[in-house]
Amino acid sequence: MRFTLKKQKITTATPSSSPTPSPSSSSSFSPSSLQQTMVGGRIIRAMLLSIKIAFNSWIYIAVAGAVASIFWIIFNNFDQLLFFSPVFVFYVPQDAFIGFILSNITAILLGIMVSMNIYVLKHSDRSRISLTSFFSGSTISVLSSTCASCSSIGFLLVSTFGGVGVTASTILSNYQIPLRIISIALLIWAFYSICSKLTKSCSIDYKTDNNKKKV
Amino acid sequence: MKKSLIFYIIFAVYIGSTSTLFTYNIPKAVGIQPENNGNNNNKLSLYSLVQRGSPLLGNPSAPITVVEFGDFQCDRCARFAKATEPQLNQTYIQPGKVNLVYKYFPNYGPDSTTAAVAAQCTNDQGKFWNYYDILYKNQGMANFGWASKDNLKKFGSQIAGLDMQKFNSCLDGQKYLSFVQSDLAFATSLGFQGTPTFVIERNDGSNQETLLGAYPFQAFQAIIDKKISSNTGG
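The rules behind these values
- Residues numbered from 1 in each chain as written.
- Chains lettered and ligands numbered in written order.
- Predicted model: local features only at pLDDT ≥ 70, side-chain atom pairs only at ≥ 80, totals over all residues.
- Heavy atoms only, no water.
- Core = buried A, V, L, I, M, F, W, Y, C linked by side-chain atoms within 4.5 Å.
- Buried < 20%, exposed > 50% of the residue type's maximum accessible area, 1.4 Å probe, protein only.
- Contact = heavy atoms within 4.5 Å.
- Phe/Tyr/Trp six-rings, centres within 6.5 Å; stacked < 30°, edge-to-face > 60°.
- Helix = DSSP H or I, 4+ residues; strand = E, 2+ residues; numbered from the N terminus.
- 1 Å grid on protein atoms, 1.4 Å probe; cavity = no way out; pocket = protein on both sides within 12 Å on 5 of 7 lines; lining within 4 Å.
- Points joined across faces, edges and corners; volume = space filled by probe spheres on them.
- Nonpolar A, V, L, I, M, F, W, Y, C, P; charged D, E, K, R; others polar.
- Arc of directions from axis to C-beta.
- Polar contact = N/O pair within 3.5 Å; in protein donor to acceptor, adjacent residues only side chain to side chain.
- Disulfide = S-S within 2.5 Å.
- Axes fitted to C-alpha atoms, helices over the stretch in contact; angles between N-to-C directions.
- Parallel < 35°, antiparallel > 145°, perpendicular 65-115°, else oblique.
- Left-handed = near helix turned anticlockwise from the far one by under 90°.

Visitor: Even after reading the chapter, I still don't get the nonpolar core, so can you show me in this structure?
Guide: Within soluble globular proteins, side chains that are nonpolar generally end up buried alongside one another. Ranked by size, the top nonpolar core spans 55 residues in total, and within it F72(B), Y104(B), Y131(B), Y132(B), L152(B) and F220(B) carry the most contacts. If we skip the residues at most four places from it in the chain, F72(B) touches Y102(B), Y104(B), A115(B), A116(B), A119(B), F128(B), Y132(B), L135(B), Y136(B), Q139(B) and W146(B). The next biggest cluster of nonpolar side chains, apart from the first, holds 28 residues, and it includes L49(A), V67(A), F75(A) and M116(A).

What follows is the structure, encoded as structure tokens:
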């Protein structure tokens, strides 16, 4: 019963997620700005619908929460905001505030992305999934959250690669915020792609899932 | 099912490599390696540090010494200087319980060394800690010219009572270049690989604990209070 309901939602969402506006709407409202707004609205609707579909089960919510928490700990520990020893301390000094906000966004996006990817893999017939933007986004976010020059990573880079290592660690240190913004952009792109997969196609096999559960 | 397996494998490898990076980058509260401890206990004693000309803040007879190994281009060192050092100063340094010694660990590139030489030049005139505050307040992107000689001279001119002629000739002549380089070699010999690194010890160089990273005040407080109570206890 639950899956029938979801299928109905997908059927209604499929035409609306198409980037081409319907003839009736384009004939009555021709300005391009209005069309863009409509396309933007459809994308947001598709994204919200995808989240509803994927997070209908608590398992996917738990996976998302666990992954987001793991990355939150990693980012904040790399950023030297979270310490476990000699005492457990978490603090956000003024200079780290923007970085902290960006790392929170990244951690949440990573949680959502991993969970939705698992959902798509379990329910989709497609053999190829696009993980490039997901992995590149998350890699950049992990790298940019480290203070390369002031940590042992910078030491390793400099001692291994000499001048190139100095340049690499300087870039990683100086452009932490822009790199994090790029990683968020890549993750949003990955999120958009996975939403398209969920709402544009009808390849989600709920029957198989139902059968599996019965067995 | 195969697709899921591939994804799980890729994700496991990814998490594995991230955790490796995590353990490599994690801020550490560790002791100095035993093989170095014997040789460096004396070198890290307050007497030895001050004798060598390292800048000192606070009462020289304070029972606890905090040694900071820092770089003026390091943003985490700036975080310590802005957020933690004032609290340490107010709670422990001003009451005479702790003193703070600065050691140069210029690992960000050539401008770090120049800034360190300039800072040691101000120490000649007893103005190191004023210069320390000014440098960290004005810190810019590493190796992008904020710590050029001209800018370092401008920062020096902001300190009331600093003899600029002496300072300029000291900086132009690179008077303390070998001093800074020996500090760097010393930090490397201790096995330190990042800035800021702190050694918290009794002022004779014993009972050392090391913090690698921009730890907040609470972490210092926990270690210092423990050392003070162990000092008074026995």
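There is more to say, and it comes next.
Visitor: What is the right way to read the packing of aromatic side chains from this model?
Guide: Any two aromatic rings considered together are summarised by their centre-to-centre distance and by the angle between their planes. Residues and elements named next belong to chain B. Under the criterion given, the structure shown has 33 aromatic pairs over all chains. For the ring pair F69 and F186, a centre distance of 6.3 Å and an interplane angle of 40° mean the geometry is tilted. Within this pair, whereas F69 is found in strand 3 (residues 64-70), its partner F186 is found in helix 9 (residues 177-189), the two being separated by 117 residues in sequence. Just as F69 is buried, F186 falls in that class too. One aromatic cluster is present, built from ring pairs that chain together F72, Y102, Y104, F128, W129, Y132, Y136, Y176 and F179.

Visitor: Would you mind going over the layout of surface pockets with me for this structure?
Guide: Over the atoms a probe the size of a water molecule is rolled, and this reveals where empty space is left. For the largest pocket, the calculated volume is near 520 Å³. As for the largest pocket, its lining consists of 22 residues, of which D95(A), S173(A), Q176(A), D75(B) and Q139(B) are closest to the centre. Looking at the lining of the largest pocket, the elements that each hand over two or more residues are helix 5 (97-123), helix 8 (163-174) and helix 9 (176-200) of chain A together with helix 4 (75-93) of chain B. A per-class count over the lining of the largest pocket returns 8 nonpolar, 7 polar and 7 charged.

Visitor: Is there a simple way to think about helix 8 (residues 164-172) of chain B in this case?
Guide: Each turn of an α-helix holds 3.6 residues, which means side chains three or four residues apart point in the same direction. All names here are of chain B. Buried residues of helix 8: F167, C170 and L171, and no others. Along the axis of helix 8, the buried residues cluster in a sector spanning 95°; they form a single face. For helix 8, the elements touching its buried residues are helix 5 (110-124), helix 6 (128-137) and helix 7 (149-157). Between a side-chain oxygen at the N-terminus of helix 8 and the backbone nitrogen of Q165 the separation is 3.1 Å; the capping residue is D163.

Visitor: How do you make sense of the side chain of S115(A) when you look at a structure like this?
Guide: Note that S115(A) resides in helix 5. Excluding residues that lie within four positions of it along the chain, S115(A) makes contacts with F55(A), Y60(A), I61(A), V63(A) and A64(A).

Visitor: Whenever I open this one, the state of the cysteines confuses me. Can you help?
Guide: Cysteine pairs can be linked by a disulfide, which is a covalent bond between their two sulfur atoms. Residue and element names in this part refer to chain B. Across all of its chains, the model carries 1 disulfide over all chains by this definition. Each disulfide pairs two cysteine sulfurs, and for C121 the partner residue is C170, the sulfurs being separated by 2.0 Å. Between C121 and C170, the disulfide has an S-S torsion of -80° and is therefore left-handed. Residue C121 is located in helix 5, and its partner C170 is located in helix 8; the two are separated by 49 residues in the primary sequence. Of the two residues, C121 and C170, both sit in the buried class.

Visitor: For this particular structure, what's the right way to read the environment of A96(A)?
Guide: Checked against the element boundaries, A96(A) lands in the loop between strand 2 (89-90) and helix 5. Sequence separation between A96(A) and F83(A) is 13 residues; the distance between their C-alpha atoms is 15 Å. If sequence neighbours within four positions are ignored, A96(A) has contacts with L81(A) and R79(B).

Visitor: Help me understand the packing of helix 5 of chain B against helix 6 of chain B, please; the structure alone is not making it clear to me.
Guide: The packing of two helices is summarised by the inter-axis angle and the distance between the axes. Helix 6 of chain B packs onto helix 5 of chain B with a crossing angle of 145° between their chain directions and a minimal axis gap of 7 Å. Along its contact with helix 5 of chain B, which presents A115(B), A118(B), A119(B), T122(B) and N123(B), the element helix 6 of chain B presents F128(B), Y131(B) and L135(B).

Visitor: Please explain the packing of helix 6 of chain B against helix 7 of chain B as it appears in this structure.
Guide: All names here are of chain B. Relative orientation of the contacting elements helix 6 and helix 7 amounts to 125°, with a least axis distance of 10 Å. In terms of their interaxial angle, helix 6 and helix 7 are classed as oblique. Crossing geometry of helix 6 relative to helix 7 is assigned as right-handed. Packed against helix 6, whose contacting residues are Y131, I134 and L135, the element helix 7 presents L152, F155 and G156 at the interface.

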